[in-house]
Amino acid sequence: MEICMSEPQIYVERTLALIKPDAIHKAEEIEDIILRSGFSIVQKRKLHLSPEQCSDFYADQFGKMFFPSLTAFMSSGPIIAMTLARHKAISYWKELLGPTNSMKAKETHPDSLRAIYGADDLRNALHGSNCFSSAEREIRFMFPEVIIEPIPVGQAAKDYLSLFVNPTLLAGLTELCKQKPADPITWLAKWLLKNNPNKPEVLNKMIVEEPQE
């Protein structure tokens, strides 16, 4: 009797990475290490957050002794926010970062990014999300327009397309054939934007952009 094995469900996970003010001058070098470590940089932006925005971002740390120093430091200069993607991105990025305290990282994980680029517990060069719920919240904070979901591949991707994408696309193409517009591509694009049942929720979060040079 032949036994059919189902294809394993592998998801591409996303996590947030921040290059902090103390390491911004090493951004290009750090991004190169990220890419060589198997991550894709899905989104990237350079920001200069206000103290109030930093307080919102680190709301889970409110009340701790280091909170004022943390928000002051994170608002002291520009940062780079990135959405990183790969299988088990959250755990792999935390492993690449090393311990939060850069001094400890230099002793126990000398090849980690915080050991290489950080100075102490506060000025530790980089940030990474702790878990999926943190990654979801933090990516929405830095990139309010993004959809935060594990990205399916293989059979899971086929199932997702069949369930969520193809029905809407088929309806749009059917209507396109009925309408016969002069510019079918533009017409279909507008129709899909108007009739998309899977529109993301957009959070109104004002972030101060770094001026263009």
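Residues numbered from 1 in each chain as written. Predicted model: local features only at pLDDT ≥ 70, side-chain atom pairs only at ≥ 80, totals over all residues. Heavy atoms only, no water.

In the nomenclature of an unreviewed UniProt entry, the protein chain corresponds to Nucleoside diphosphate kinase homolog 5 from the organism Pleurodeles waltl. Here is the UniProt Subunit (unreviewed entry) comment for the protein chain, exactly as written: "Component of the axonemal radial spoke complex 1 (RS1), at least composed of spoke head proteins RSPH1, RSPH3, RSPH9 and the cilia-specific component RSPH4A or sperm-specific component RSPH6A, spoke stalk proteins RSPH14, DNAJB13, DYDC1, ROPN1L and NME5, and the anchor protein IQUB. Interacts with IQUB." Here the protein chain is described in UniProt, under the heading Sequence similarities (unreviewed entry), as follows: "Belongs to the NDK family." (UniProt positions renumbered as here; feature names shortened; annotations may be inferred.)

A.B. asks: Go over the overall build of the protein chain, please, and point to the residues and values.
C.D. replies: Of regular secondary structure, the protein chain possesses nine helices and five strands. Secondary structure elements of the protein chain occur, N-terminal to C-terminal, as β-α-β-α-α-β-α-α-α-β-α-β-α-α. For the protein chain, buried positions account for 37% of its 213 residues. Within the protein chain, contacts between residues at least 6 apart in sequence are counted, and of these 73% link residues at least 24 apart. For the protein chain, the exposed area adds up to about 13000 Å²; of that, 58% sits on carbon and sulfur atoms. (Helix = DSSP H or I, 4+ residues; strand = E, 2+ residues; numbered from the N terminus. Buried < 20%, exposed > 50% of the residue type's maximum accessible area, 1.4 Å probe, protein only. Contact = heavy atoms within 4.5 Å. Areas by Shrake-Rupley, 256 points an atom, 1.4 Å probe, with all protein chains shown as cover.)

A.B. asks: Account for a nonpolar patch on the surface, naming residues and giving values.
C.D. replies: Residues Leu161, Val165, Leu169 and Leu173 make up a contiguous nonpolar surface patch of roughly 270 Å² in combined accessible area. With respect to the helices and strands, Val165 occurs in helix α8 (residues 155-179). The exposure class assigned to Val165 is partly exposed, which follows from its relative accessible area of 31%. (Patch = residues over 30% accessible without salt bridge, like charges linked within 9 Å, V, L, I, M, F, W, Y side chains within 5 Å. Salt bridge = Lys/Arg side-chain N within 4 Å of Asp/Glu carboxyl O.)

A.B. asks: Kindly report on unusual backbone geometry, identifying the contributing residues and their values.
C.D. replies: Of note in the backbone geometry, Ala125 takes a positive phi value of approximately 75° without being a glycine. Checked against the element boundaries, Ala125 lands in the loop between α6 (113-117) and β4 (126-128). Positive phi, normally seen in glycine, also occurs at Lys180, with a value near 50°. With respect to the secondary-structure elements, Lys180 resides in the loop between α8 and α9 (184-195). In this structure Lys180 comes out as exposed when scored by relative accessible area, which is 67%.

A.B. asks: An account of the environment of Thr168 is needed here, citing residue identities and associated values.
C.D. replies: Looking at the secondary structure, you find Thr168 in helix α8. Non-local contacts of Thr168, meaning those with residues more than four positions away in its chain, are made with Trp191, Leu192, Asn195 and Pro197.

A.B. asks: How would you explain the environment of Leu173 if you had to name every residue and give the values?
C.D. replies: Residue placement: Leu173 occurs in helix α8. The spacing of Leu173 and Trp191 is 18 residues in sequence and 9.6 Å in space, taken between C-alpha atoms.

A.B. asks: If you had to explain the side chain of Glu31 to someone new, which residues and values would you point to?
C.D. replies: By secondary structure assignment, the location of Glu31 is in helix α1 (residues 27-36). When residues no more than four places from it in sequence are discounted, the contact partners of Glu31 are Ile19, Ile41, Lys44, Ile80 and Met82.

A.B. asks: Let's hear about the packing of aromatic side chains: which residues, and what values?
C.D. replies: Applying the stated criterion to the full structure yields four aromatic pairs. Judged by centre distance (5.9 Å) and plane angle (80°), the rings of Phe39 and Trp93 are edge-to-face. Taken together, the positions of Phe39 in the loop between α1 and β2 (40-47) and Trp93 in helix α4 (residues 89-97) put the pair 54 residues apart, joining distant regions of the chain. Accessibility expressed as a relative area gives 0% for Trp93, which makes it buried. (Phe/Tyr/Trp six-rings, centres within 6.5 Å; stacked < 30°, edge-to-face > 60°.)

A.B. asks: Can you tell me about the environment of Gly128, naming the residues and giving the values?
C.D. replies: Tracing the backbone shows Gly128 in strand β4. Sequence spacing of Gly128 and Leu97 is 31 residues, and the spatial spacing of their C-alpha atoms is 7.6 Å. Once residues lying within four places of it in the same chain are set aside, the contact partners of Gly128 are Leu16, Trp93, Leu97 and Arg114.

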